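A closer look at the structure
What follows is the residue order along each chain.
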Amino acid sequence: MILNIVKYPEPVLSQPGEPVTEFNAELRKLIADMFETTYANQGVGLAAPQVGVSKRLTTIDLSMGKDPKDKLVLINPEIIFSEGRVYEEEGCLSFPDIREKVVRAAKVRVRAQDEKGTWFEMDGEDLLARCFQHEIDHVDGMLFIFRMSALKRDLVQRKIRKLIRAGEW
Ligand SMILES: [Zn+2]
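The model shown is predicted, which means the values in this text are computed figures rather than measured ones.

1. Considerations on the nonpolar core
Note on soluble globular proteins: their nonpolar side chains tend to be buried together. Within the largest apolar cluster, 15 residues are counted, with the highest numbers of intra-cluster contacts made by Tyr8, Phe95, Ile98, Phe144, Ile145 and Ile160. For phenylalanine 95, the contacting residues outside a window of four places in its chain are Tyr8, Leu143, Phe144, Ile145, Ile160 and Trp169.

2. Re helix α2 (residues 126–139)
Compared with an ideal rise of 1.5 Å per residue, which puts 14 residues at 20 Å, α2 spans 21 Å between its outermost C-alpha atoms and is within 8% of the ideal. When you tally the buried positions in α2, you get 12 out of 14 residues, the bulk of the element. Buried residues of α2: Leu128, Ala129, Arg130, Cys131, Phe132, Gln133, His134, Glu135, Ile136, Asp137, His138 and Val139, and no others. The first or second residue beyond α2 is glycine 141, which carries a positive phi of 80°.

3. Remarks on the pattern of salt bridges
By the definition in use, this model includes 12 salt bridges. A salt bridge links lysine 29 to aspartate 33, with the shortest nitrogen-to-oxygen separation between them at 3.0 Å. Of this pair, lysine 29 and aspartate 33 both sit in helix α1 (residues 25–40), four residues apart, which is roughly one turn of the helix. Of the residues examined, lysine 29 reaches a relative accessible area of 44% and is grouped as partly exposed. Between glutamate 100 and lysine 152 there is a salt bridge; the shortest N-O distance is 3.5 Å.

4. Brief notes about the sheet that holds strand β1 (residues 45–47)
Paired through backbone hydrogen bonds, the strands of a sheet run either parallel or antiparallel to each other. Taken in spatial order, the five strands make up an open sheet running β1-β2-β3-β6-β7, and their pairing is antiparallel. Single-partner strands in this sheet number two, and they are β1 and β7 (119–125). If you compare each strand with its neighbour and ignore which way they point, the axes differ by 40° on average. Pairing geometry for strand β3 (residues 72–83) and strand β6 (residues 107–113), over six bridges, is antiparallel. What sits directly across from glutamate 78, in β6, is arginine 111. Packed onto the sheet, α1 meets β1, β2 (57–60) and β3 and runs at close to 45° relative to β2.

How each quantity is defined
Residues numbered from 1 in each chain as written. Predicted model: local features only at pLDDT ≥ 70, side-chain atom pairs only at ≥ 80, totals over all residues. Heavy atoms only, no water. Core = buried A, V, L, I, M, F, W, Y, C linked by side-chain atoms within 4.5 Å. Buried < 20%, exposed > 50% of the residue type's maximum accessible area, 1.4 Å probe, protein only. Contact = heavy atoms within 4.5 Å. Helix = DSSP H or I, 4+ residues; strand = E, 2+ residues; numbered from the N terminus. Expected span 1.5 Å × (residues − 1). Salt bridge = Lys/Arg side-chain N within 4 Å of Asp/Glu carboxyl O. Pairing = 2+ DSSP bridges. Axes fitted to C-alpha atoms, helices over the stretch in contact; angles between N-to-C directions.

What follows is the structure, encoded as structure tokens:
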């Protein structure tokens, strides 16, 4: 099922998600729906708060549905190590058509649970590292515009307010 993606400034996007404690059929259904929703929107990652569910869960697939091996589910994730610094363009399904450069670590290691509740660690670099950081920010209630410079953030927020007034957001 394709879920509705909530857009900024919906309050759920700014709330830290609740830890996932039940690894059941309901969770698996949410995960499947999140992947389907990501592919329908040509995205590479989605966090539960973006579909209005305030939980610490994110789904990532850099292949955009082309390679099942690329499907990643991170539950209750945290970054346990990071290094380097890169400044690259980034987008977000909760901010349609907005792309801006954001500083991120070049390499990160995440610790998370899979859909059965088993803890694992995984390293990511380049786009995967960026994706891990962007999505884990979401489960913490942090949005990429707050990683931009104040000047850029003001411009983006002004643009969004204008679109909202015009009924185009
Ligand atoms: Zn996002």
